[in-house]
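Next come the chains, spelled out residue by residue.
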Amino acid sequence: YVNFTIPSNATIGATITNCVYLTAPGINPVNYCRSFVVQAPAPHPCLWKEICNKQTTYTPGSTFRYRLRIQNIGGLPLTGVTLTDQLNPNLEYIGNPSYYQSNNWNTPCTSSPSNPWNGVNLTYNPNTNIITATLPQIPATCQNIFYSDCGMYGTAGVPFYFIEFDVKVRDTSALGNIPNYFTLSGGNLGNSTYTSNTEYVLVSGVVGFNLEKSVKKHNTQNYSSSINVAPGSMIDYKLQMNLSGTAAL
């Protein structure tokens with residue numbers, strides 16, 4: 001392997017072709033060429049959303065912790081950008097946020113990080129169910145190299161920046177898969193918006209109830225399953241539903 005440096009005065013959009021030649025006695029000369037286009041340095045977020053210690057299913061009323069991960073795999077720092085997480089209507093922000101950085105994609109979740117990421121300003125609007133975070137600058141790892149990897153494992157060698165917070169599955173949550181993702185926009189990203197993967201939470205539960213009807217003489221205290229009354233008397237009925245499931249009806 002041979003490394004080359006693209007000079008800072010290279011023309012943006014220019015195609016650069018580099019060839020290798022092999023000559024040896026008794027064989028015809030051999031050559032092979034590769035070309036690439038010079039791109040302008042730019043920030044490039046790599047985003048990932050996951051659930052800490054994810055369970056197979058959750059029930060209405062249970063809580064869990066989201067972790068949002070950001071890498072800058074571009075050639076310029078990320079500056080002035082805003083993170084937006086529109087929580088699904090079946091979820092509710094609880095709080096307890098933490099911010100930290102690491103060199104590993106699988107760093108354990110934590111609410112008390114040893115390597116904090118300072119400068120994050122996170123707010124939550126309960127009326128819109130939107131979490132917003134203004135982020136400090138995320139530097140470029142190397143001005144001359146553009147990484148292309150993204151996804152669950154991120155890009156090795158590029159620092160990972162994490163945001164965590166707790167959410168609750170609403171008591172009235174629908175059953176089934178609840179999707180959620182977050183975006184990054186603004187600042188020196190210009191008109192571009194970057195979107196993370198969609199993380200699903202499976203909410204399961206049992207809808208159960210029983211019905212009960214009872215009766216009493218008018219202006220008396222206690223209901224029962226049956227009474228004896230004279231013709232022309234007034235009676236009161238009570239209709240009652242008793243919920244016995246783990247999900248809203």
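Everything discussed here concerns the structure shown above.
Residues numbered from 1 in each chain as written. Predicted model: local features only at pLDDT ≥ 70, side-chain atom pairs only at ≥ 80, totals over all residues. Heavy atoms only, no water.

Colleague: For the overall build of the protein chain, give the residues involved together with the corresponding values.
Modeller: In terms of regular secondary structure, the protein chain is built from 0 helices and 15 strands. A compact globule built from 249 residues should have a C-alpha radius of gyration of about 18 Å, whereas the protein chain, at 30 Å, is more than 25% larger. Counting only C-alpha atoms, the protein chain reaches 120 × 45 × 35 Å along its principal axes. A buried classification covers 33% of the 249 residues belonging to the protein chain. Sequence separation of at least 24 residues holds for 69% of the intrachain contacts in the protein chain that already meet a minimum separation of 6. (Helix = DSSP H or I, 4+ residues; strand = E, 2+ residues; numbered from the N terminus. Rg over C-alpha atoms; globule rule 2.2 N^0.38 Å. Buried < 20%, exposed > 50% of the residue type's maximum accessible area, 1.4 Å probe, protein only. Contact = heavy atoms within 4.5 Å.)

Colleague: Please set out the nonpolar core residue by residue, giving values where relevant.
Modeller: As a rule of thumb, nonpolar side chains are buried together in soluble globular proteins. Counting 32 residues, the largest nonpolar core has Tyr66, Leu135 and Ile163 as the members making the most contacts within it. Put simply, the parts of the chain that give this core at least two residues each are strand 3 (45–51), strand 4 (63–72), strand 6 (91–102), strand 8 (130–134), strand 9 (160–169) and strand 13 (199–203). Counting residues per element, this core draws most heavily on strand 9, which supplies 5 residues. In this view, Ile163 contacts Tyr66, Arg67, Leu68, Leu83, Ser98, Tyr99, Trp117, Val120, Leu122, Ala133 and Leu135; residues no more than four positions away in its chain are not counted. (Core = buried A, V, L, I, M, F, W, Y, C linked by side-chain atoms within 4.5 Å.)

Colleague: Tell me about the side chain of Asp166, residues and numbers included.
Modeller: Counting through the fold element by element, Asp166 comes out in strand 9. Owing to a relative accessible area of 19%, Asp166 belongs among the buried residues under this scheme. Only 2.8 Å separates the side chain of Asp166 from the side chain of Arg65, close enough to count as a polar contact. Those residues in contact with Asp166 that sit more than four places away from it in its chain are Phe64, Arg65, Glu92, Tyr93, Ile94, Gly95 and Asn96. (Polar contact = N/O pair within 3.5 Å; in protein donor to acceptor, adjacent residues only side chain to side chain.)

Colleague: Could you give me a rundown of the packing of aromatic side chains, with the residues and numbers involved?
Modeller: Applying the stated rule across the entire model yields 9 aromatic pairs. Plain terms: the ring middles of Tyr100 and Phe162 are 5.0 Å apart, the flat faces sit at 25° to each other, and that makes the pair stacked. Linking Tyr100 in strand 6 with Phe162 in strand 9, this pair joins segments that are 62 residues apart in sequence. Pair check on accessibility: Tyr100 and Phe162 agree, each one buried. Connected via pairs of aromatic rings, a cluster forms that spans Tyr58, Phe64, Tyr66, Tyr93, Tyr124 and Phe165. Over the face of the ring belonging to Tyr223 we find Lys216, whose NZ or CZ atom lies 5.3 Å from the ring centre. (Phe/Tyr/Trp six-rings, centres within 6.5 Å; stacked < 30°, edge-to-face > 60°. Lys NZ or Arg CZ within 6 Å of the ring centre and 35° of its normal.)

Colleague: Go over the side chain of Asn88 with me, naming the residues and quoting the values.
Modeller: Within the fold, Asn88 resides in the loop between strand 5 (82–86) and strand 6. Under the relative-accessibility criterion, Asn88 is labelled buried at 14%. For Asn88, the contacting residues outside a window of four places in its chain are Asn129, Ile178, Pro179 and Asn180.

Colleague: Summarise the sheet that holds strand 9; cite the residues concerned and give the values.
Modeller: Read across the open sheet, the 4 strands follow the order 3-4-9-6; overall the sheet is antiparallel. In this open sheet, the two edge strands, each paired with only one partner strand, are strand 3 and strand 6. Pairwise comparison of adjacent strand axes, ignoring direction, gives a mean angle of 20° for this sheet. Across 9 bridges, strand 6 lies against strand 9 in antiparallel orientation. Bridge pairing in strand 9 places Tyr100 opposite Phe162. (Pairing = 2+ DSSP bridges. Axes fitted to C-alpha atoms, helices over the stretch in contact; angles between N-to-C directions.)

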